[in-house]
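# Analysis of the macromolecular model
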Amino acid sequence: LQRIRNGSPVPQALRAFGEIFPPHPLMERARHVWAQAYTSGHAWNDPCMRLAKEGMTVHALQREREAALAVEKYTILGAGGLLVPLLLGLTTGVLGSFASGAGDSSLVLRETARLAGMGYVFLYAIIAGVFAGWMNGSLQKGGEYALWLIPLSQLLWRAGQHVAG
């Protein structure tokens, strides 16, 4: 506005206005529509109303996408840190109680199931944490998620084993 008051042509002032802000498709569209409205001599209210509706639509789509990603992220974290370890612990505990009277082979079976379950829960927690961080756009955050999920998932896995065994 100050440039226009200083005598700069409106299209040139609108170009300068667009250079002040970081590039954004909606801002570029607004600048272009305003320049077209000015050069054609039409009223500015219709283009401004269209731009406002487009902006609201874009904003609604962004919020919808963010909500969907949040649901996916927390589903992955919940499954990786809570549900999968608990169910696997319950399954391993039940398997151990079935095989308790079969002799040496049952001992090997229980130990194999315990080590496989522990390893699976460990890897699943890492993968879930890293994937959730990747969905946030930060692998560092994924490492933090994994560091929280590993002990939590191991604890729930052991609790599931204890409850079922």
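The present account deals with the structure reproduced in this document. Everything numeric here is computed off the predicted structure, so don't read it as measured data.

### Considerations on the overall build of the chain
Along its length, the chain carries six helices and zero strands. Scanning the chain from its N terminus toward the C terminus, one meets helices and strands in the order α-α-α-α-α-α. Projected onto its principal axes, the C-alpha positions of the chain cover 95 × 25 × 20 Å. By residue count, 26% of the 165 residues in the chain fall in the buried class. Of all intrachain contacts in the chain linking residues separated by at least 6 positions in sequence, the fraction that spans at least 24 positions is 60%. Counting every atom, the chain has about 11200 Å² of accessible surface; 67% of that belongs to carbon and sulfur.

### Brief notes about the nonpolar core
Core analysis: the largest hydrophobic core is formed by seven residues, namely Leu77, Ala125, Ala128, Ala132, Tyr145, Leu149 and Ile150. Put simply, the parts of the chain that give this core at least two residues each are helix H5 (104-136) and helix H6 (139-164). For Ala128, the residues in contact, after removing those within four places along its chain, are Ile76, Leu77, Gly80 and Leu149.

### A closer look at H6
Taking 1.5 Å per residue, 26 residues should reach 38 Å; H6 reaches 36 Å between its end C-alpha atoms and fits that length. Its axis deflected by about 25° at Leu149, H6 carries its strongest bend there, up to four residues before the proline Pro151. All buried positions along H6 are accounted for by Gly142, Tyr145, Ala146, Leu149, Ile150, Ser153, Gln154, Trp157, Gly160 and Gln161.

### Describing the environment of Pro22
Considering the arrangement of structural elements, one finds Pro22 in the loop between helix H2 (10-20) and helix H3 (25-40). Given the relative accessible area of 63%, Pro22 is considered exposed. Between the C-alpha atoms of Pro22 and Leu155, which are 133 residues apart in sequence, the distance is 47 Å.

### Structural notes on the environment of Lys141
Take Lys141: it is sitting in helix H6. Separated by 11 residues in sequence, Lys141 and Val130 have C-alpha atoms that sit 7.7 Å apart. Those residues within four positions of Lys141 in sequence are excluded, and the remaining contacts are Gly133 and Asn136.

The rules behind each value
Residues numbered from 1 in each chain as written. Predicted model: local features only at pLDDT ≥ 70, side-chain atom pairs only at ≥ 80, totals over all residues. Heavy atoms only, no water. Helix = DSSP H or I, 4+ residues; strand = E, 2+ residues; numbered from the N terminus. Buried < 20%, exposed > 50% of the residue type's maximum accessible area, 1.4 Å probe, protein only. Contact = heavy atoms within 4.5 Å. Areas by Shrake-Rupley, 256 points an atom, 1.4 Å probe, with all protein chains shown as cover. Core = buried A, V, L, I, M, F, W, Y, C linked by side-chain atoms within 4.5 Å. Expected span 1.5 Å × (residues − 1). Bend = angle between axes of the 7 residues up to and from the residue.

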